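The residues making up each chain are set out below.
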Amino acid sequence: MKKVRFGIIGMGNIGIHHFSYFPELENAELTAICDIDPAKLKELKIPSDFDHAAAAVLDDKIAKYTDYRAMLDSGKVDAVIIAAPHYFHPEMAVEAFRRGIHVICEKPVAITGRLAREMNAAHADSGVVYAAMFQMRTNSTYRKIKEMLEDGTLGQVRRVSWIITDWFRTQTYYDSGGWRGNWTGEGGGVLMNQCPHNLDLFQWFFGLPKRLCAVVHLGKWHDITVEDDVSVLMELANGATASFITSTGDTPGTNRLEITAEHGKLVLEEGRLTFFKTEDSVQRIIEQSEVGFYSVSPEVMEIPVETKAHGHKWITQNTVNAILGNEPLIAPGTEGLNSVQLANAVLLSGIRGRTVEVPVCEDEFDELLEELRADERRHAPDKVFDWEAYIKSFES
Ligand SMILES: NC(=O)c1ccc[n+]([C@@H]2O[C@H](COP(=O)([O-])OP(=O)(O)OC[C@H]3O[C@@H](n4cnc5c(N)ncnc54)[C@H](O)[C@@H]3O)[C@@H](O)[C@H]2O)c1
């Protein structure tokens, strides 16, 4: 069978990880890599658990570029993984679509809803496959939750509560890369870097909320300008309420998702999934019970889930299979818009201090982001990251 020839753009932390699993993929080969920094191409920092001999062979065979457009024009790639910082994702994806090249885009697909929507528009007539690297969708626990929501096991969702605070980061983390932890470089904090996966899962499970109200703290626990502590209250399309709490400042952190639904309560905590199944529909009990203080005796079911991590490799293999027409995408890139719209709405609500409808007006969010960037330039010049100067620094 024809092999799909891949290029990776951005050979940093995650680019190297993508590089490392290519020999294990079926019907795919890595033919090119690109990084604006030539040093990253000379000495690939291969993870220690990877077969170094295989890496060396691969390393000799693959073409190397410092200009991603030259790689796209080389005729050597049918598909690319965009693993550069998020600032570049929209431009790189659109350039690939224009050339009929398939795309796997790292999360978040963009910083603003407007840019993510423009990517979708550029993709619409391109005829290529566009996937987003939302590898948590391959996690068997989340797949089970999705299944139980869709097959009627849970029934109508009545309330959702997700505390996802196991994204602890130190000041050293934020100080490690110039583009991180600021509005000019990264365009956001925990919502833009750590939580896109959870926001994607949230919308995958429950759809986008109708409206929300958030409390957002900027640099509460770290010397950064962006948000590192967020609490959101949402109203879902069916009228259920949902809360979502995240931070990079809590340790030990928590990942606890509780879904209260018509047929009981589903709890994910510490990797364990437990279903408390009620004997009847909760609403029917409320409406028809002749007892005022009714005590439900739920059947407690531990739901076995596989804990093996499949992650990034699974999404890339799935995209290869989709390109070859063999299976649908697990994480279509066009759905990347939703988590960006959700993050934008949370920031707008929290910073402006009001309830917002979702999705928020793109002009209003763009205006807010410009204000935050301007404030950063004025009040925290040491945090500012200048992308133009960064690109120029590699021009000889
Ligand atoms: N899906 C996941 O689990 C996951 C995990 C980590 C990072 N990410 C995402 O991947 C992206 C990269 O994150 P990272 O941690 O690897 O960052 P990083 O800074 O370690 O690596 C980024 C690389 O891109 C290169 N680069 C920058 N501008 C470029 C350009 N114009 N052309 C080509 N190369 C360029 C840099 O030199 C660097 O080597 C981010 O969007 C991040 O959110 C996703």
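Because the structure is predicted, anything quoted here is derived from the model rather than measured.

## Some words on the sheet that holds strand β4 (residues 79–82)
Now for step 1: The strand order across the open sheet built from six strands is β3-β2-β1-β4-β5-β6, with neighbouring strands paired in parallel fashion. Each edge of the open sheet carries a strand with a single partner, namely β3 (63–65) and β6 (130–132). Across this sheet, the average inter-strand angle for adjacent strands is 25 degrees, counted without regard to direction.
Now for step 2: Pairing geometry for strand β1 (residues 4–9) and strand β2 (residues 28–34), over six bridges, is parallel. For Ile 8, the partnering residue across the bridge sits in β2 and is Ile 33.
Now for step 3: Strands in contact with helix α5 (residues 89–98) are β1, β4 and β5 (102–105); relative to β5, the strand with the most contacts, it is inclined by about 165 degrees.
Now for step 4: The strands touched by helix α11 (residues 311–323) within the sheet are β1, β2, β4, β5 and β6, with β5 carrying the most contacts at an inclination of about 160 degrees.

## Looking at the site of the ligand
Now for step 1: Around the ligand, the structure places 24 residues, and the nearest of them are Gly 10, Gly 12, Asn 13, Ile 36 and Glu 106.
Now for step 2: With three residues, helix α1 (residues 13–21) is the single largest residue contributor to the shell around the ligand.
Now for step 3: Of the residues belonging to the shell around the ligand, the class tally is 11 nonpolar, eight polar and five charged.

## Overview of the packing of helix α9 (residues 196–206) against helix α12 (residues 336–352)
Now for step 1: Across the interface, α9 lies against α12 with an axial gap of 8 Å and an inter-helix angle of 110 degrees. Here α9 is positioned roughly perpendicular relative to α12, judged by the angle of their axes. The residues of α12 that touch α9, namely those facing Pro 196, Leu 199, Asp 200 and Gln 203, are Asn 338, Ser 339, Leu 342 and Ala 343.
Now for step 2: Residues of the contact of α9 with α12, tallied by class, amount to four nonpolar, three polar and one charged.

## Brief notes about the pairing of strand β13 (residues 272–277)
Now for step 1: Here six bridges tie strand β12 (residues 264–269) to β13, and the two strands are oriented antiparallel to one another. Opposite Glu 269, over in β13, you have Arg 272 as the bridge partner.
Now for step 2: Two successive antiparallel strands, β12 and β13, enclose a turn made up of two residues, where Glu 270 displays a positive phi of approximately 50 degrees.
Now for step 3: Inspection of the sheet shows β13 paired to strand β14 (residues 299–303) by five bridges, in the antiparallel sense. Residue Phe 275 lies in a different strand from β14, and its bridge partner there is Met 301.

## Things to note about unusual backbone geometry
Now for step 1: Residue Pro 108 is reached from Lys 107 by a cis peptide bond, and omega for that bond is -20 degrees.
Now for step 2: Note that the residue after Thr 251, namely Pro 252, is joined by a cis bond; omega there is -5 degrees.
Now for step 3: Tracing the backbone shows Pro 252 in the loop between β10 (241–247) and β11 (255–261).
Now for step 4: The phi dihedral of Asn 27 falls on the positive side, at around 60 degrees, and the residue is not glycine.
Now for step 5: Locating Asn 27 in the fold gives a position in the loop between α1 and β2.
Now for step 6: Exposure remark for Asn 27: the 14 C-beta atoms within 10 Å place this residue in the partly exposed category.

## Quick word on the pairing of β2
Now for step 1: Burial runs high along β2: six of the seven residues are buried.
Now for step 2: Between β1 and its parallel partner β2, the chain crosses via α1, and the hand of that crossover is right-handed.
Now for step 3: Summarising the sheet, β2 and β3 pair through three bridges and their orientation is parallel. Its bridge partner being in β3, Ala 32 is matched across the sheet by Ala 63.

## Regarding the domain arrangement of the protein
Now for step 1: Taken domain by domain, the protein comprises domain 1 (4–136 + 310–332) and domain 2 (139–308 + 339–383).
Now for step 2: Computed from C-alpha atoms alone, the centre-to-centre distance between domain 1 and domain 2 is 28 Å.
Now for step 3: Taken together, the contact pairs 15 residues of domain 1 with 20 residues of domain 2.
Now for step 4: Across the side of domain 1 that touches domain 2, the residue classes tally to nine nonpolar, four polar and two charged.

## As for the nonpolar core
Now for step 1: Residues Phe 6, Ile 8, Ile 9, Val 80, Ile 82, Val 103 and Val 346 are the most contacted members of the largest nonpolar core, which totals 96 residues.
Now for step 2: Domain assignment of the residues forming this core places at least three in each of domain 1 (4–136 + 310–332) and domain 2 (139–308 + 339–383).
Now for step 3: In contact with Phe 6, other than residues within four places in its own chain, are Ala 28, Glu 29, Leu 30, Thr 31, Val 77, Ala 79, Val 80 and Ile 81.
Now for step 4: Formed by five residues, the second largest nonpolar core is a distinct cluster that contains Tyr 174, Trp 183, Ile 224 and Leu 372.

## Notes on α1
For an α-helix, the turn length of 3.6 residues means that residues three or four places apart are oriented alike.
Now for step 1: Along α1, the residues classified as buried are Gly 15, Ile 16, His 18, Phe 19 and Ser 20.
Now for step 2: Taken together, the buried residues of α1 touch β1, β2, β4 and α11.

## Remarks on helix α6 (residues 113–124)
Now for step 1: In this model, α6 (12 residues) spans 16 Å end to end at C-alpha, consistent with the 16 Å of a helix rising 1.5 Å per residue.
Now for step 2: Those residues of α6 lying buried are Gly 113, Leu 115, Ala 116, Met 119 and His 123.
Now for step 3: Tucked inside the fold, the buried residues of α6 contact α5, β6, α12 and α13 (362–379).

## So, the sheet that holds strand β9 (residues 227–235)
Now for step 1: Pairing within the open sheet is mixed, and its nine strands lie in the order β14-β13-β12-β11-β7-β10-β9-β8-β15. Because the sheet does not close on itself, it has two edges, and the strands there are β14 and β15 (356–357).
Now for step 2: Two elements, strand β8 (residues 211–218) and β9, share eight bridges in a ladder whose sense is antiparallel. Paired with Arg 211 across the two strands is Glu 235, which belongs to β9.
Now for step 3: Helix-sheet contacts for α9 involve β7 (157–164) and β10, and the interaxial angle to β7 is about 170 degrees.
Now for step 4: The strands touched by α12 are β8, β9 and β15; relative to β8, the strand with the most contacts, the crossing angle is about 70 degrees.

The rules behind the values
Residues numbered from 1 in each chain as written. Predicted model: local features only at pLDDT ≥ 70, side-chain atom pairs only at ≥ 80, totals over all residues. Pairing = 2+ DSSP bridges. Helix = DSSP H or I, 4+ residues; strand = E, 2+ residues; numbered from the N terminus. Axes fitted to C-alpha atoms, helices over the stretch in contact; angles between N-to-C directions. Contact = placed C-beta atoms within 7 Å. Near = placed C-beta within 6 Å. Nonpolar A, V, L, I, M, F, W, Y, C, P; charged D, E, K, R; others polar. Parallel < 35°, antiparallel > 145°, perpendicular 65-115°, else oblique. Buried ≥ 20, exposed ≤ 12 C-beta atoms within 10 Å, placed from the backbone. Right-handed = clockwise from strand over helix to strand, strands pointing away. Domains from an automatic or database assignment. Core = buried A, V, L, I, M, F, W, Y, C linked by C-beta atoms within 7 Å. Expected span 1.5 Å × (residues − 1).

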